[in-house]
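# Analysis of the macromolecular model
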Amino acid sequence: VLQRVGHAERQHVVPVDIDAALDIWTDGLEWPHSMPRDHLVEPVIDGLILHFSVERAELGEVLHHCRDAVQAALDQHYYVGVSHLFGVAAIALIRSGDAKTGAKLVGSMIANGHRPRGNASHALTAALGDAVDGYEAAGALLTVSQAGRIAVTALDAAIERIGTLP
């Protein structure tokens, strides 16, 4: 089979191996089906629960839940899920007294194409004022996995600082 590729002014005709294309497409469909059902559902549910509870629930419980959710998403290499959790992790860190790390997480989140919810942005601005931009800029230089490791370390430190048990 021949297919036209390129721009309207300069099109080329190239041969396409239909069997190879179908194999690639089929492999692409089978891969997600081979994953355990909770692979993507669990981080999404964690994120929703945290979004609704991060500002209201007991701080120790929130810190543990955020830490476990971020670590689980990192372990599964679910970087979209990790990045989305940075907003709630930022609020938990602000509540524990570490707004600077929270701003870096949100900076990484934004740099990787995700928009933090309004509650995270408002909490960061309230905690850091104009300095929030500098911390977010520093976070923008981090990959999601780097920011995720920073999040886990900061959440562990916050848990230790406030003296909660799991």
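Notes on the structure follow. Every value quoted in this text rests on a predicted model; they were computed, and no experiment measured them.

### Observations regarding the side chain of E136
By the element assignment, E136 lies in helix 7 (residues 132–139). Despite its burial, E136 pairs with no opposite charge; the closest candidate is R115, at 11 Å N-O.

### Examining the layout of surface pockets
In this structure, the largest pocket spans a volume of roughly 330 Å³. Around the largest pocket sit 19 residues that line it, and G47, L48, H84, L85 and R117 are the ones nearest its centre. Those elements that place two or more of their residues in the lining of the largest pocket are helix 2 (38–53), helix 4 (79–96) and helix 6 (118–128). In terms of residues, the lining of the largest pocket owes the most to one element, helix 4, which gives 7 residues. Looking at side-chain class alone, the lining of the largest pocket contains 11 nonpolar, 6 polar and 2 charged residues.

### A look at the environment of A151
Following the sequence through the fold, A151 ends up in helix 8 (residues 144–162). Each C-alpha atom of the pair A151 and V82 lies 9.8 Å from the other, and the pair is 69 residues apart in sequence. Apart from the residues lying within four places of it in its own chain, the contact partners of A151 are V70, F86 and L105.

Calculation notes
- Residues numbered from 1 in each chain as written.
- Predicted model: local features only at pLDDT ≥ 70, side-chain atom pairs only at ≥ 80, totals over all residues.
- Heavy atoms only, no water.
- Helix = DSSP H or I, 4+ residues; strand = E, 2+ residues; numbered from the N terminus.
- Buried < 20%, exposed > 50% of the residue type's maximum accessible area, 1.4 Å probe, protein only.
- Lys, Arg positive; Asp, Glu negative; His and termini not counted.
- Salt bridge = Lys/Arg side-chain N within 4 Å of Asp/Glu carboxyl O.
- 1 Å grid on protein atoms, 1.4 Å probe; cavity = no way out; pocket = protein on both sides within 12 Å on 5 of 7 lines; lining within 4 Å.
- Points joined across faces, edges and corners; volume = space filled by probe spheres on them.
- Nonpolar A, V, L, I, M, F, W, Y, C, P; charged D, E, K, R; others polar.
- Contact = heavy atoms within 4.5 Å.

Just geometry here; none of it tells us what the structure is for.
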